[in-house]
Amino acid sequence: MPAATPSYALIVKKDCPTCALIEPVIAQLAARFASALSVYVQDDHSFPASFPERIDDTSLAYSYAHNIEIVPTLLRLHADGTEQARIVGWDKKQWQQFTGVADLGQKLVAFKPGCGSKTLDPGMETVLALQFGPQLLKARAVALADAEDIMEACFERGWSDGLPVVPPTPLRVLRMLRATTRTADEIIGRVPPDNVPCSVEKVAINAVLAGCKPEYFPTVLASVTAALQDRFCLHGLLCTTYFSSPVLIVNGPVTRQIGMNGGVNALGQGNRANATIGRALQLLVRNVGGGIPGGIDRATLGNPGKYTYCFAEDESDSDWPSLAMDRGFERDDSVVSLFAGDGLQGVVDQQSRSPESLAKSLALSLRTVAHHKLFAMADAILIISPEHRRVFRQGGWTKANVRDALYSELMIAGTEIVRGAHGIAEGMPEKFRDKILNKFRDDGLHIVSAGGKAGLFSAVIGGWVASGERGSQLVSQKF
Amino acid sequence: MSASTILLDPTSELVAAERQLLPRLSSLAGKTVGLLDISKPRGKEFLDEVEQALLALGAKVKRYAKPTFTRIAPLELNQRISSECDAVIEGLAD
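Since this is a predicted model, take the numbers as computed values, not measurements.

Chemist: What exactly am I supposed to notice about the pairing of strand S16 (residues 380-384) of chain A here?
Modeler: On any regular strand, side chains alternate: one points to one face of the sheet, the next to the other face. Residue and element names in this part refer to chain A. Counting buried residues along S16, five of its five residues qualify, which places the element largely inside the surrounding structure. Across the two faces of S16 the burial is the same, with Ala 380, Leu 382 and Ile 384 and Ile 381 and Ile 383 all buried. As judged from the five bridges shared by S16 and strand S19 (residues 445-449), these two strands associate in the parallel manner. In the sheet register, Ile 383 faces S19, and the bridge partner there is Val 448. Sheet analysis places S16 next to strand S20 (residues 457-463), joined by four bridges and oriented antiparallel.

Pasting the structure below:
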């Protein structure tokens, strides 16, 4: 069948020994195909010296457009320049067959695999996608003046919580977006207080600001989705004069995959994932939602967790259900839970060796949430450390036993807590005098494991005084 | 990078990307206005006139001077003006 003379494009790089090996082949092909052969060089335009018509592809535009993964790649092209077929590396018989040149590379070894294309160098894919790919980024581009310091510029535009942020360059944002299958322009909800539609891209920009690695991004997206659940009442939480702010607890395989900390110093500094995932949510609320301290954020004192408050649960004890399991998820699910909480209150008990004693002890501390005499107002998280958990386990108690004991210990007679009791004006209204009340509403006390292996300390995160259906409830989001 | 740096806006884009002026005062009554003499000749006479006009509007006036017009104001002076005044007028003219 007569066919039009095929044309060929060969993509090489000087740094590739296989490309160097086939230099004589290029001369043979040039002699056979003349101008129907184009040679694109990825790295050093002086190569191949024997073929002066070589084309400089150090921009990698051609290589990227043709999705080159290996050099050398030889493309056979249709008349319109689109690809008909390709071969990669050096395989003498294959090349002879592909080109129809029977004595091609006769003196060369029969086979030598190629090298990786420069388009696949680490980080290069996003660099090229930004330059030559479809335009995914829709956020407004802010051009800095030449005299501006890039770090200071972010502070001056009001994008920071007071600490330095990572400047959100288009490349960093694109790399963040690569970590999710969701599209950049998908709207994931409206962020209070301004109730502005928030795209996945805006979440990515704020995750960059916060210092997240792209691998954290699915957790950040899940935390934002959780925060926007109606049950969480983010709007009210932002405006309150109370201390509270979102506390993030992450469960499941993702915590190991991205290296979150649920052990030593779990609620402290030093772990990038813990620190930046929590911060990303806070920065999103600030930047997209407009929740600015002193503006809509009316906190009397606030709490240091408003920079970031995020940790993993210690799930090393396979018999002890996690928070996510308490919420109906499986141990293999990755789940982020959000709680409207305050700072941390430590509980010391170095003497209890029986579950009964320790439960009474923890209950006493839990009674102080918000106020010793205010009941069913603020929820709480009890964080049980490994050593305290061991006391329960050695006494034969399950997590359910702990929960039941705390419930019993936290039933208090109204006479103890009504206004005026014990000479203190604060307390529950007089109508509760003849009632027995529990410190926490139903579903108001959550138990989480975290902490280092040494220390007979646990901790309480007190909740917002508008906990429950009239305010905020713990929310969980699987991802 | 030779071109100017581009960052992507993390905000809701409800306000212009350019940095905004601080809110202007709606009235000078009872407000403290700083007059900053950059220390060029005759600046004092000019600012004396401005001071009289401001006092007539019910403002309080505080006077400051840069050590020399050739250099930017010292940090301490900037901090003093911003903590003591509601507004500042800088006398730039010769």
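Chemist: Is there a simple way to think about the interface of chain B and chain A in this case?
Modeler: Counting residues at the interface gives 15 residues for chain B, matched by 28 residues for chain A. Interface area for chain B against chain A, summed over the two sides, is near 1,900 Å², with a carbon-plus-sulfur share of 61%. It is B:Leu7, B:Leu8 and B:Pro10 in chain B that bury the most area against chain A; as a group they hold 41% of the surface buried on that side. If you look at where chain B meets chain A, you find two salt bridges. A salt bridge links A:Lys202 to B:Glu13, with the nearest nitrogen and oxygen atoms 2.7 Å apart. Viewed at the interface, chain A and chain B are joined by 11 residue pairs in polar contact (both at pLDDT 80 or more). Class assignment for the residues of the side of chain B that touches chain A results in eight nonpolar, four polar and three charged.

About the criteria used
Residues numbered from 1 in each chain as written. Chains lettered and ligands numbered in written order. Predicted model: local features only at pLDDT ≥ 70, side-chain atom pairs only at ≥ 80, totals over all residues. Heavy atoms only, no water. Buried < 20%, exposed > 50% of the residue type's maximum accessible area, 1.4 Å probe, protein only. Helix = DSSP H or I, 4+ residues; strand = E, 2+ residues; numbered from the N terminus. Pairing = 2+ DSSP bridges. Contact = heavy atoms within 4.5 Å. Buried area = accessible area lost by both parts, 1.4 Å probe. Salt bridge = Lys/Arg side-chain N within 4 Å of Asp/Glu carboxyl O. Polar contact = N/O pair within 3.5 Å; in protein donor to acceptor, adjacent residues only side chain to side chain. Nonpolar A, V, L, I, M, F, W, Y, C, P; charged D, E, K, R; others polar.

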